[in-house]
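# Reading the structure
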Amino acid sequence: MSNSLPRSMKDVHYDNAKFRQRSFHKVFSQALLTSNMKRECTKCSTGKFLILLLIGGLTYLMLAHTNAQSDGILKGIGSKEGVNLFDDGSKFRKIWRKPPRLPPRLSPDEMTGRNKSNFESQNLKTGSHWKTRQQKVKEAFIHAWSGYKNYAMGYDELMPLSHRGIDGLGGLGATIVDALDTALIMGIDEVVIEAGTWIEKHLPERITTKGQVNLFETTIRVVGGLLSAYHLSNGLNKGPKPDVYLENARNLADRLLSAFTSSPSDIPFSDVVLHESTAHPAPGGMSSTSEASTLQLEFNYLSYLTGDPKYSIESMKVLHHLKTLPKVDGLVPIYISPHSGEFSGENIRLGSRGDSYYEYLIKVWLQLRGSNSTYLYNMYGEAMKGVRHHLVRKSVPNELTFVGELPYGPRGAFSPKMDHLVCFLPGTLALGATKGLTKEKAMREGTLTFDDIENLKLAEDLAKTCVQMYAVTTTGLAPEIAYFNIEGNPESGPDGGNKNNKYVHDIIIKPADRHNLLRPETVESLFILYRITEDPKYREWGRDIFEAFEKHTRIDSGGYSSLDDVTVLPPQRRDKMETFFLGETLKYLYLLFGDSNIIPLDEFVFNTEAHPFPIIGNTRKQ
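These figures come from a predicted structure and were not determined experimentally.

## Observations concerning the overall build of the protein chain
When helices and strands are counted, the protein chain shows 22 helices and 17 strands. Considering only contacts in the protein chain between residues 6 or more positions apart, those separated by 24 or more positions represent 69%. Summed over all atoms, the accessible surface of the protein chain reaches about 26,300 Å², with 51% contributed by carbon and sulfur.

In structure tokens form, the structure reads like this:
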């Protein structure tokens with residue numbers, strides 16, 4: 001793992017300073033040599049030979065030295081881009097010229113590590129290896145879809161063991177809509193036609209007749225899936241016309257708006273009754289902070305496409321309101337009241353009910369760049385500083401970096417508990433650091449700040465931890481929740497079962513937390529980090545995770561199942577295939593193993609359900 005950039009010149013062990021200046025002694029001695037000696041030596045032919053030899057030697061030394069210092073800033077003596085120190089017309093004026101400002105560079109450790117990885121993985125990168133892996137993910141998607149189509153078509157989710165469907169998300173055919181843009185990206189025309197035809201024939205009636213749905217889940221899965229399908233299907237002539245997806249998204253969003261308009265505050269109610277277009281709070285009256293603040297990408301894009309600002313206006317009120325509330329160094333409690341508009345309780349975490357609040361701060365800013373959304377970037381930056389200060393710790397004995405919780409606020413005890421959901425954070429940190437550019441390009445353009453570098457290093461450290469949450473278990477699949485041993489407060493409990501893993505004693509997996517729901521967060525971060533760092537290890541880690549899914553969760557009759565316990569063999573299976581396995585997990589794996597020009601991160605932003613929307617500033621209305 002590379003070290004972050006130094007903070008002062010005295011710490012520079014390699015040439016990585018933003019500004020580089022030569023000492024007065026070097027300038028004077030070079031000027032003396034190139035003026036007095038020229039005058040004396042040119043009196044004889046030997047002198048002329050010596051001066052030519054001297055000029056050649058100095059030219060070689062200057063080029064070698066300067067190239068090492070500035071990584072190619074001087075491209076050649078006498079060239080247009082270079083600096084000709086011996087130009088007769090300019091005498092020695094250019095010797096005093098201040099060198100240009102340089103962006104941060106890769107450290108020697110990073111360069112060595114990258115070269116080594118490139119050497120070791122050359123065949124994997126240039127051959128057909130990853131194309132083959134990508135094809136296997138495509139085949140897994142087809143297998144998952146076949147189980148759903150055969151036993152649960154039209155239901156929200158498949159129960160792969162009992163061969164039936166279940167409506168756990170309001171009865172809108174959530175798997176169909178969630179999986180559609182994955183099929184579009186993979187180019188599986190048969191699935192695109194099947195899913196699109198069902199949406200055209202059945203979804204309009206479902207929207208007008210179904211009962212209670214959750215505002216957050218319906219927005220990110222169904223509205224998000226329809227809007228992404230609308231964009232990706234333009235010009236393909238596969239399935240229904242793209243306007244079918246847009247009109248269904250608009251019809252559904254019109255009913256979901258009641259969650260905003262019915263609330264006495266800027267915080268929406270959590271539940272909507274579709275056939276009545278009415279809304280009410282969740283049992284207990286509280287809304288999740290993450291749910292209220294994870295609607296804006298979808299509603300902003302809908303307003304952009306339809307030209308109707310009401311969707312964006314209502315959803316953005318939430319973030320404007322959250323900006324005004326007190327926070328703990330940018331961190332917020334996980335509950336908020338739609339009645340008062342105030343936070344409730346002191347529980348601070350980046351797991352369930354807190355996670356996507358932080359994700360959408362940076363993603364909505366990326367979506368709306370160029371508009372009046374700077375406050376979101378500032379809120380994100382402050383929150384990430386708060387994460388590093390309050391929540392980041394290292395485990396013992398092997399110093400895995402992890403993100404814990406503050407169940408009773410900043411004055412309460414720290415909990416070394418980390419949900420698998422927190423594994424979204426490495427990808428979000430990397431995306432926030434480079435804004436979707438590769439790390440190398442961002443450094444070349446000089447856009448990375450020291451906070452960006454620090455966040456990117458934290459992203460890589462956390463990604464390693466998330467992968468080890470898989471590797472420490474007997475099945476090679478992560479539990480829903482892990483605890484970490486920390487200095488002075490060791491956790492007690494069983495390990496993951498893989499005694500050969502170095503970190504088996506750092507991670508505790510309690511009996512109630514051993515299940516795996518086919519979640520996507522780790523492979524999401526691996527995908528983003530691979531795109532940004534171009535380090536093949538992220539692909540290799542993703543390959544191992546995919547192989548574990550194939551080995552332990554694939555159901556022969558079709559579909560994939562969740563697991564009850566990842567620490568035992570064979571693992572007990574749960575009769576459930578979540579919609580996000582097709583909508584997120586397999587999509588991110590497919591993109592991880594594919595070409596980086598497919599859904600590029602500087603042109604698209606993924607919602608929290610992995611539905612990609614074009615960045616509004618980069619696209620024309622279709």
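The discussion continues.
## Section: the sheet that holds strand β7 (residues 335–336)
On the basis of which strands lie adjacent, the open sheet formed by 3 strands has the order β6-β7-β8 and antiparallel pairing. Here the strands that pair on one side only, and so sit at the sheet edges, are β6 (287–288) and β8 (343–344). Taken together, the 2 bridges between β7 and β8 define a ladder with antiparallel strand orientation. The partner of tyrosine 335 across the bridge, within β8, is serine 344.

## So, the sheet that holds strand β13 (residues 507–508)
Taken together, the 3 strands give an open sheet; going across it, the order is β11-β12-β13, and neighbouring strands pair in antiparallel fashion. The open sheet is flanked by β11 (417–419) and β13, the only strands paired with a single partner. As defined by bridge partners, strand β12 (residues 481–484) adjoins β13 across 2 bridges and the pair is classed as antiparallel. Note on β13: the bridge partner recorded for tyrosine 483 is isoleucine 508.

## Here's the deal with the side chain of glutamate 578
Residue placement: glutamate 578 occurs in the loop between β15 (573–574) and α22 (579–592). Of the residues examined, glutamate 578 reaches a relative accessible area of 12% and is grouped as buried.

## Here we look at the pairing of β12
Here β12 shows no split at all, with Ile481 and Tyr483 on one side and Ala482 and Phe484 on the other all buried. In the sheet, β11 pairs with β12 via 3 bridges, with the strands oriented antiparallel. Bridged to aspartate 419 within β12 is isoleucine 481.

## Here's the deal with the confidence of the model for the protein chain
The pLDDT averaged across the protein chain works out to 86; a share of 79% of its residues lies at or above 70. Segment residues 1–44 is flagged for pLDDT under 50; beyond a separation of four residues in sequence, or across chains, it makes 68 contacts in the model. Here residues 114–124 is modelled with pLDDT under 50, and outside its nearest four sequence neighbours on either side it reaches 12 contacts, counting other chains as well.

## A look at the state of the cysteines
Under the definition given, this model contains 1 disulfide. Each disulfide pairs two cysteine sulfurs, and for cysteine 423 the partner residue is cysteine 466, the sulfurs being separated by 2.1 Å. Between cysteine 423 and cysteine 466, the S-S torsion sits near -100°, and that sign places the bridge as left-handed. Here cysteine 466 lies in helix α19 (residues 450–471) and cysteine 423 lies in the loop between β11 and α17 (425–434), a separation of 43 residues in the sequence. In this structure, cysteine 423 and cysteine 466 share a single accessibility class: buried.

## Let's talk about the packing of helix α21 (residues 537–553) against α22
For any two helices packed against each other, the geometry is given by the interaxial angle and the distance between the axes. The interhelical angle for the contact between α21 and α22, taken along N-to-C directions, is 140°, at an axis separation of 10 Å. Comparing the axis directions of α21 and α22 gives the class oblique. In the packing of α21 onto α22, the handedness of the crossing is left-handed. Of the residues in α22, those in contact with Tyr538, Arg539, Gly542, Phe546 and Phe549 of α21 are Thr585, Leu586, Leu589 and Leu592. Grouping the constituent residues of the contact of α21 with α22 by class yields 6 nonpolar, 2 polar and 1 charged.

## Side note on α19
Its 22 residues give α19 an end-to-end C-alpha distance of 32 Å, which sits within 8% of 32 Å, the value for a rise of 1.5 Å per residue. Regarding α19, its N-cap is threonine 449, as a side-chain oxygen of that residue lies 3.4 Å from the backbone nitrogen of aspartate 451 further along.

## Quick word on the packing of helix α16 (residues 374–391) against α17
The geometry of α16 relative to α17 is characterised by a closest axis approach of 12 Å and an angle of 130° between their N-to-C directions. In terms of axis orientation, α16 runs oblique to α17. Like other packed secondary-structure pairs, α16 and α17 cross with a definite hand, here left-handed. Across the interface between the two elements, Tyr380, Met384 and Val387 of α16 pack against Leu425, Thr428, Leu429 and Gly432 of α17. Considering only residue class, the contact of α16 with α17 consists of 5 nonpolar, 2 polar and no charged.

## What to know about the pattern of salt bridges
Under the definition given, this model contains 27 salt bridges. A salt bridge links lysine 149 to glutamate 194; the shortest N-O distance between them is 3.1 Å. Placement of the pair is lysine 149 in helix α6 (residues 129–152) and glutamate 194 in helix α8 (residues 189–209), with a sequence separation of 45 residues. Its relative accessible area of 32% is what places lysine 149 among the partly exposed residues.

## Here we look at the environment of leucine 591
By the secondary structure assignment, leucine 591 is in helix α22. A relative accessible area of 3% means that leucine 591 is categorised as buried. The spatial distance from the C-alpha of leucine 591 to the C-alpha of methionine 186 is 9.1 Å, given a sequence separation of 405 residues. Setting aside residues up to four positions removed in sequence, leucine 591 forms contacts with Ile185, Phe527, Arg531, Ile598, Ile599 and Phe606.

## Here we look at the environment of aspartate 156
Here aspartate 156 lies in the loop between α6 and β1 (157–159). Judged by relative accessible area, aspartate 156 falls into the buried class, the value being 0%. For the pair aspartate 156 and isoleucine 166, spaced 10 residues apart in sequence, the C-alpha separation works out to 6.0 Å. Residues within four places of aspartate 156 in sequence aside, it is in contact with Tyr148, Ile166, Asp167, Gly168, Leu169, Gly170, Gly171, Leu172, Gly173, Ala174, Thr175 and Thr579.

## Things to note about the side chain of serine 287
Position of serine 287 relative to the elements: it lies in strand β6. Looking at serine 287, its side chain comes within polar contact range of the main-chain oxygen of proline 268, at 3.2 Å.

## Thoughts on the environment of leucine 526
Secondary-structure assignment places leucine 526 in helix α20 (residues 521–533). Taking the relative accessible area as the measure of exposure, leucine 526 reaches 0% and is therefore buried. In the structure, leucine 526 is positioned 59 residues away from valine 467 in sequence and 9.1 Å away in space, judged by C-alpha atoms. Every residue in contact with leucine 526, bar those within four places of it in the chain, is listed here: Val467, Tyr538, Trp541, Gly542, Ile545 and Leu592.

## Thoughts on α8
Here α8 spans 30 Å end to end across 21 residues, near enough to the 30 Å set by a 1.5 Å rise per residue. Remark: the principal bend of α8, roughly 50°, maps to histidine 202, with a proline, proline 204, within the next four residues. Residues Val191, Val192, Ala195, Gly196, Trp198, Ile199, Leu203 and Ile207 constitute the buried set of α8. Among the structural elements, α6, α7 (174–186), α9 (215–233) and α10 (242–256) are those in contact with the buried residues of α8.

The rules behind each value
Residues numbered from 1 in each chain as written. Predicted model: local features only at pLDDT ≥ 70, side-chain atom pairs only at ≥ 80, totals over all residues. Heavy atoms only, no water. Helix = DSSP H or I, 4+ residues; strand = E, 2+ residues; numbered from the N terminus. Contact = heavy atoms within 4.5 Å. Areas by Shrake-Rupley, 256 points an atom, 1.4 Å probe, with all protein chains shown as cover. Pairing = 2+ DSSP bridges. Buried < 20%, exposed > 50% of the residue type's maximum accessible area, 1.4 Å probe, protein only. pLDDT = per-residue confidence, 0-100. Disulfide = S-S within 2.5 Å. Axes fitted to C-alpha atoms, helices over the stretch in contact; angles between N-to-C directions. Parallel < 35°, antiparallel > 145°, perpendicular 65-115°, else oblique. Left-handed = near helix turned anticlockwise from the far one by under 90°. Nonpolar A, V, L, I, M, F, W, Y, C, P; charged D, E, K, R; others polar. Expected span 1.5 Å × (residues − 1). Polar contact = N/O pair within 3.5 Å; in protein donor to acceptor, adjacent residues only side chain to side chain. Salt bridge = Lys/Arg side-chain N within 4 Å of Asp/Glu carboxyl O. Bend = angle between axes of the 7 residues up to and from the residue.

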